[in-house]
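Each chain is listed here by its residues.
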Number of protein chains: 4
Amino acid sequence: MNKFRFLTAGESHGKCLTAIIEGLPSGFEINPDFINEELKRRQMGYGRGARMQIECDTVEITSGVRFGKTLGSPVTLVIQNKDYENWQKIMSIYTEDLNSEKSFTKCRPGHADYAGSIKYNFKDLRNILERSSARKTAIEVAVGAVAKQILNQFGIKCYSEIIQIGQGRTEEEFHAEIDRAKEVGDTLGGKFKVVYENLPVGLGSYVHWDRMLDGKIAQAVMSVPAVKSVSIGNNHGYKMFGSEFHDEMFREDGKVVRKTNNAGGIEGGMTNGEPLVVTAVMKPIPTLRKPLKTVDLSSMEECEAHFERSDTCAVEACAVVTEARIAYVLLDEILMKFSGDNSDEILEKYRK
Amino acid sequence: MNKFRFLTAGESHGKCLTAIIEGLPSGFEINPDFINEELKRRQMGYGRGARMQIECDTVEITSGVRFGKTLGSPVTLVIQNKDYENWQKIMSIYTEDLNSEKSFTKCRPGHADYAGSIKYNFKDLRNILERSSARKTAIEVAVGAVAKQILNQFGIKCYSEIIQIGQGRTEEEFHAEIDRAKEVGDTLGGKFKVVYENLPVGLGSYVHWDRMLDGKIAQAVMSVPAVKSVSIGNNHGYKMFGSEFHDEMFREDGKVVRKTNNAGGIEGGMTNGEPLVVTAVMKPIPTLRKPLKTVDLSSMEECEAHFERSDTCAVEACAVVTEARIAYVLLDEILMKFSGDNSDEILEKYRK
Amino acid sequence: MNKFRFLTAGESHGKCLTAIIEGLPSGFEINPDFINEELKRRQMGYGRGARMQIECDTVEITSGVRFGKTLGSPVTLVIQNKDYENWQKIMSIYTEDLNSEKSFTKCRPGHADYAGSIKYNFKDLRNILERSSARKTAIEVAVGAVAKQILNQFGIKCYSEIIQIGQGRTEEEFHAEIDRAKEVGDTLGGKFKVVYENLPVGLGSYVHWDRMLDGKIAQAVMSVPAVKSVSIGNNHGYKMFGSEFHDEMFREDGKVVRKTNNAGGIEGGMTNGEPLVVTAVMKPIPTLRKPLKTVDLSSMEECEAHFERSDTCAVEACAVVTEARIAYVLLDEILMKFSGDNSDEILEKYRK
Amino acid sequence: MNKFRFLTAGESHGKCLTAIIEGLPSGFEINPDFINEELKRRQMGYGRGARMQIECDTVEITSGVRFGKTLGSPVTLVIQNKDYENWQKIMSIYTEDLNSEKSFTKCRPGHADYAGSIKYNFKDLRNILERSSARKTAIEVAVGAVAKQILNQFGIKCYSEIIQIGQGRTEEEFHAEIDRAKEVGDTLGGKFKVVYENLPVGLGSYVHWDRMLDGKIAQAVMSVPAVKSVSIGNNHGYKMFGSEFHDEMFREDGKVVRKTNNAGGIEGGMTNGEPLVVTAVMKPIPTLRKPLKTVDLSSMEECEAHFERSDTCAVEACAVVTEARIAYVLLDEILMKFSGDNSDEILEKYRK
């Protein structure tokens, strides 16, 4: 990313999650209430476990905003972990607190545990799971909410919807599938789509492979925890003829219009004025009450995977995170295209 | 990318395609024959048009390699465009040659033409198509071939295979589908997979969203021209239970082993020691003999899209390009993980 | 930077300063006491004003470290602004607190005020000075202290010394110069050097202009607030013969040795095994009790520049910040060269 | 750099030097004659050796420009090495040509030879000197000439002048000093300044250390081969009072004006509307006819450094390269600030 860069930090049971966003122009409106609404959306959805009640995340903005507007300087977002006081010793930064907890060594399939323990040379898998946990998506959603607020000031809106969970294809069926999984101690993933509307023509570019907007979106979405597949537009193109797939162009009121959107809003790596349609597949949550077979990395004995209380299905949350991720990419592109240092000159340029 | 950075350049009918690769350590073996083999693979495949015969691409290395080994300095690759002499006036860099050809103004659906003309403020669509053309993937494959040669020196290998074209699911059916499309002047896309084997555990990371290997691969693949969908591992996870999807771990000969690979070789954004399996969907080629309806951007009249000789189906080429793209990402990760300035120290570290 | 990336945030009178450091390997020792010592060094030095007493900065680490060692996940550093409670309304993030203070409109020469007000379209210069203030160097020193602790684990050490302040060339003279300036309400800059010892040979590279280590150091140092000049090694080379300047090489105990270090430890953009010697010039502090002539940007009347309590001379602090900046660059280079994911494999490689 | 990125490649006696520039908007005028003029300026100057006659560099543009204007796609520049036919075997990319020349093992002080041989594990120092040679600045000047042509379209101009060579401070004295050095087989460096005029207010920023324009310029200049010192504005600030140094502001014709420019055009890391004044010191050329003492890295015997025909003084060339380097930085900043995809919208925005 070129203008909108940020870093996030924080362990699942650490003191807090933090993000610093750098590269925002001055003068854009930022309201913490909007961010908190997005944080709430992330915590909801049928199939979530007990931790969601503990969390009830709210953001604090500690820099970069004054009197409701961005200063041009870096914006800091902080979300406190509510349960931290019970974890202070276990998550202590001090050497003397070592051994305050028994190491956790039973590798969980589907998680970062195995590769992480080799990569970072850790015996205690807690050192990995605290950061690899989906908990960190809370602060990512907060960052995305900042991006969304600015995109809104350009008239850009988004929404998402669940397409399939298990065999279910309607809300009613989703719930039935989730109930069934919960009963047997199992978990489910799902398929969902995210749509962004009112994007200007020409975000992204064909001139170099790493400027293609579809590629940037694919990275942002595929790196959402548990996402295994990303598509833009109609992903049945492999069984269609070119004459069926491509979105023909017509003239209406002196403008170019389309009757179809199989391209999902992107041609040649650029937005083409149609809605951006991204579909993603989330795998089932890998923390199961019904335990998976695995290996204890300390004894190298076969065993059952560790279980921490968890969700049965988190597809709705995953869609919210995906919205946030796409917001990062789009804001960066908007700021590159309608660049400037303050909101007045940028929005003036945009409106032309 | 951090170590392995490169830029490519060149228009479809310009003098040549060029790439500069910067960040390679010294001492790795590079053989132009290997690159030429990959260029040949890209030009083959059932369903390719006449231009493939003209092209017959070969690479010239003009810097960065001496006596068969990398120098550590930037490597330049050049592929001459064989047909350039017929295009010199049309592609001239000089102002005085303007008007050497009639502008091309009939927008082709599915291409960069429409968004490109608005973005770059061009009336002559040739200014766009010359670069947005898939021709540029030739030099990308050459860059990928350099990456692959180095990956080979780490014992890493890849292959790809076509899964589906139209309704066809076997080679015989692929050909029948392509013949049928060609007959009616139509085009086809397809679905294919690329597999990389023998990767070390722990490429990529969960610690920050933009370090996730799956995300980097998704960008590299989705930005291949015409690719609309990217999946890692089994992308039917949305209809499976967690207990069915996740790859349980067992002990065998004192090592952790798996019996399944639904994760496609990636857990927690890192390689886990299993083969990396990437599936992609290519849309049908948007240049059709059977013309699509569109608009002439100069007159704003509805018309039929411009046709330049083209392929019926290029899924095999697309798979070769995809292999190359993934090679970029993997080499960058390998060089970050087993870093050093020369092949001796890197390979020594790797072998441990 | 490639591995060691970070962002800092925070206004001078905001709630706190924050930094997130991303890209550190796991297993390196981090001790907050070391960071606090560096923060104290930054606040000391002859010629500092009253605010230094208020500040007495201490760091809190809220992520990325557990039981005294890095986790590989991002490290968050926070320094509270002690005086914040008196500034809550003035620095409020809420729109409703607007007008809680009269705008500040008298442009201070030598500061960011003038260009900042045009760039970011601000009438109230507080929106600029709160971030352009040297206050932000506190958190930069904290980040540098993390880098230094890791560099120490590679045996790399640094020190700095003041060369000249005004006409003074010894500590006694420095104090006399500062006393004289303070008396008349004026300010002073100075010249100082920073030396890093025990660096490995071959950090940086000549292969591409943006890999040259001297260039990276120059950026890091010149962007320290108030620094106007950066030199590496003997900067009188413009009046010397080549035969006088270049550091001849000799053999001693089977090793290559030098008797001079005019190159300041860098040849061909790389460390050459000699101490890295960087000299910098700090301009006088631009906030003077004896006011400078300027213009009020609101009325466009000529006036005298605004004065906030300030220091007479801060060259010692500037040297501490410069040490920190160079630490960023060196750590990034070290991590690129002796790369790996955890301290064990990195240090093992380094020791060979 | 964010928009204007480029890579250069090529060995001193390789076939050619190449650069690819990516990120230029469409529609800017590019004329190869302008580039060739800059290449000629780089080759001139009192004190240059015989190779300058052989070289007589001219550029070929092989992509990214059509009918005199940028296409938005990457621009490729190529400069052939005239003498290549005599070096084909020595610089061959093929393994079988190994041993076509005796290895070169006598380390030259002041060059990349020593550190480079350790870093890249080379016994033959030619593998280093071919890229570390100042020859590569020819293509860097070509890239800078492209940047300058675009900057010119924004009304931005530059010039440079020599300040001191040896003890000489006037052109006449420069020549006398150079003659004297040449006679005794020695070399000289010098001090020079580069000035850019008519820059808009507000390039660069104070909001984050790596956005400071002075820092970016310092990197660009310090990484010019042989430059050891960079200053912006008056670098005697260390001996002046604040009241003497800072550039007071006055009102004239309703505008803010200055009577001095000690800041050298930069305050708070941003352009302030005054001319940008950069001073640099070049060390004496390290290749001397009068040989330096050194060590043969193959035998580890003390010996005299290898001499290849060289220049006595190249300060004028160094100033031309420095102009080019600063042009990269300024163009990137201009394109970030007045961003857009084509020259029409960018220049329209700029003119407001």
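Because the structure is a prediction, the values reported are computed rather than measured.

What follows covers the overall build of chain A. Helix and strand content of chain A: 10 helices and 17 strands. Against the compact-globule benchmark of 20 Å for 352 residues, chain A has a radius of gyration of 22 Å, which places it among compact chains. Burial statistics for chain A: of 352 residues in total, 69% are counted as buried. Looking at chain A alone, contacts between residues at least 24 apart form 71% of all its contacts between residues at least 6 apart. In the structure as shown, chain A presents an accessible area of about 11800 Å², 47% of it carried by carbon and sulfur atoms. Seen as two clouds, the 46 positive and the 50 negative side-chain charges of chain A have centres 2 Å apart.

What follows concerns the sheet that holds strand β10 (residues 227–232) of chain C. If you trace the 8 strands from one edge of the open sheet to the other, you get β8(C)-β9(C)-β15(C)-β10(C)-β10(D)-β15(D)-β9(D)-β8(D), paired in antiparallel fashion. The sheet is open, and its two borders are formed by β8 (157–164) of chain C together with β8 (157–164) of chain D, each paired with just one other strand. Taken pair by pair, the neighbouring strands of this sheet meet at an average axis angle of 20°, ignoring direction. Alignment of strand β9 (residues 190–197) of chain C against strand β15 (residues 276–282) of chain C, held across 7 bridges, turns out to be antiparallel. Each residue of the ladder has a partner; that of Y196 of chain C, found in β15 of chain C, is L276 of chain C.

Time to look at the confidence of the model for chain A. The predicted model of chain A averages 94 in pLDDT, with 98% of residues at 70 or higher. Across the predicted assembly, pTM comes out at 0.97 and ipTM at 0.96.

For the coordinates displayed, the defined rule picks out 32 aromatic pairs over all chains. With 4.5 Å between their ring centres and 65° between their planes, F6 of chain A and Y328 of chain A make a pair best called edge-to-face. Taken together, the residues span a long stretch of sequence, with F6 of chain A in strand β1 (residues 5–9) and Y328 of chain A in helix α9 (residues 315–337) at a distance of 322 residues. In terms of burial, F6 of chain A and Y328 of chain A fall into one category: buried. When the ring of Y120 of chain C is compared with that of F122 of chain C, the centres are 6.3 Å apart and the planes differ by 35°; the resulting orientation is tilted. Taking the relative accessible area as the measure of exposure, F122 of chain C reaches 13% and is therefore buried. Among the aromatic residues, those joined into a ring-pair cluster are F4, F6 and Y328 of chain A together with W209 of chain B. A cation over a ring is seen here: K259 of chain A above F250 of chain A, with NZ or CZ 4.0 Å from the ring centre.

Before going further, it helps to spend a moment on the sheet that holds strand β15 (residues 276–282) of chain B. Spatially, the 8 strands line up as an open sheet ordered β8(A)-β9(A)-β15(A)-β10(A)-β10(B)-β15(B)-β9(B)-β8(B), and their pairing is antiparallel. The outermost strands of the open sheet, each flanked by one partner alone, are β8 (157–164) of chain A together with β8 (157–164) of chain B. Neighbour-to-neighbour, the strand axes of this sheet turn through a mean angle of 20°, independent of strand direction. Where strand β10 (residues 227–232) of chain A lies against strand β15 (residues 276–282) of chain A, 5 bridges are found, and the strand directions are antiparallel. By the bridge assignment for β15 of chain A, V227 of chain A is matched with M282 of chain A. Along the sheet, helix α7 (residues 213–222) of chain B makes contact with β10 of chain A together with β10 (227–232) and β15 of chain B, crossing β10 of chain B at roughly 155°.

Mapped onto the elements, I266 of chain A comes out in strand β13 (residues 266–267). Residue class for I266 of chain A comes out buried when judged on its relative accessible area of 1%. Residues I266 of chain A and L203 of chain A, 63 residues apart in the sequence, show an inter-C-alpha distance of 9.2 Å. Not counting chain neighbours up to four residues away, the residues in contact with I266 of chain A comprise L213, D214, I217, I232, N272 and L276 of chain A together with K228 of chain B.

Now for the interface of chain B and chain A. Across the boundary between the two partners, chain B contributes 103 residues, which contact 103 residues of chain A. Counting each side, the surface lost to burial between chain B and chain A is near 8400 Å², with a carbon and sulfur contribution of 63%. It is Y206, W209 and Y238 of chain B that lose the most area in chain B upon contact with chain A, and together they represent 11% of the buried surface on that side. Run the count over chain B and chain A and you get 2 salt bridges. Joining chain B to chain A, the criterion identifies 41 residue pairs in polar contact (both at pLDDT 80 or more). For the side of chain B that touches chain A, the leading source of residues is α7 of chain B, giving 7 residues. Classifying every residue of the side of chain B that touches chain A gives 46 nonpolar, 32 polar and 25 charged. Pairing between β10 of chain A and β10 of chain B: 3 bridges, direction antiparallel. Within β10 of chain B, the position partnered with V230 of chain A by the bridge is V230 of chain B.

Attention shifts here to the interface of chain D and chain C. Contacts between the two partners involve 103 residues from chain D and, on the opposite side, 103 residues from chain C. Summed over the three residues of chain D that lose the most area to chain C, namely Y206, W209 and Y238 of chain D, the buried surface amounts to 11% of that side. The interface formed by chain D and chain C contains 2 salt bridges. Here E301 of chain D ties to R251 of chain C by a salt bridge, and the two come within 3.8 Å at their closest N and O atoms. Linking chain D to chain C there are 41 residue pairs in polar contact (both at pLDDT 80 or more). For the side of chain D that touches chain C, the leading source of residues is helix α7 (residues 213–222) of chain D, giving 7 residues. Taken together, the residues of the side of chain D that touches chain C sort by class into 46 nonpolar, 32 polar and 25 charged.

To continue, consider the relation of the copies chain B and chain A. With an RMSD of 0.0 Å, the fit of chain B onto chain A corresponds to turning through 180° and sliding 0.0 Å along the axis. The superposition of one copy onto the other is thereby described by a two-fold rotation axis. Residues of chain B ranked by C-alpha distance from the rotation axis are headed by Q219 of chain B, positioned 2.3 Å from it. The residues that chain B uses at the interface reappear at the interface of chain A in 100% of cases, marking a shared surface.

Here we take up the environment of L297 of chain C. In this structure, L297 of chain C sits in the loop between β16 (293–295) and β17 (302–304). Linking L297 of chain C and L125 of chain C, residues 172 residues apart in sequence, is a C-alpha distance of 9.1 Å. Discounting residues that sit within four places of it in the chain, L297 of chain C has contacts with T105, C107, Y114, S117 and L125 of chain C together with V256 of chain D.

The next point concerns the side chain of D57 of chain D. Residue and element names in this part refer to chain D. Counting through the fold element by element, D57 comes out in the loop between α2 (51–55) and β4 (59–63). Here the side chain of D57 touches R135 through a polar contact of 2.9 Å, side chain to side chain. Excluding residues within four positions of it along the chain, D57 makes contact with N36, L39, R42, Q43, I79, Q80, R135 and A138.

Rules and cut-offs
Residues numbered from 1 in each chain as written. Chains lettered and ligands numbered in written order. Predicted model: local features only at pLDDT ≥ 70, side-chain atom pairs only at ≥ 80, totals over all residues. Heavy atoms only, no water. Helix = DSSP H or I, 4+ residues; strand = E, 2+ residues; numbered from the N terminus. Rg over C-alpha atoms; globule rule 2.2 N^0.38 Å. Buried < 20%, exposed > 50% of the residue type's maximum accessible area, 1.4 Å probe, protein only. Contact = heavy atoms within 4.5 Å. Areas by Shrake-Rupley, 256 points an atom, 1.4 Å probe, with all protein chains shown as cover. Lys, Arg positive; Asp, Glu negative; His and termini not counted. Charge placed at Lys NZ, Arg CZ, Asp CG, Glu CD. Pairing = 2+ DSSP bridges. Axes fitted to C-alpha atoms, helices over the stretch in contact; angles between N-to-C directions. pLDDT = per-residue confidence, 0-100. Phe/Tyr/Trp six-rings, centres within 6.5 Å; stacked < 30°, edge-to-face > 60°. Lys NZ or Arg CZ within 6 Å of the ring centre and 35° of its normal. Buried area = accessible area lost by both parts, 1.4 Å probe. Salt bridge = Lys/Arg side-chain N within 4 Å of Asp/Glu carboxyl O. Polar contact = N/O pair within 3.5 Å; in protein donor to acceptor, adjacent residues only side chain to side chain. Nonpolar A, V, L, I, M, F, W, Y, C, P; charged D, E, K, R; others polar. Least-squares fit on C-alpha atoms with pLDDT ≥ 70 in both.

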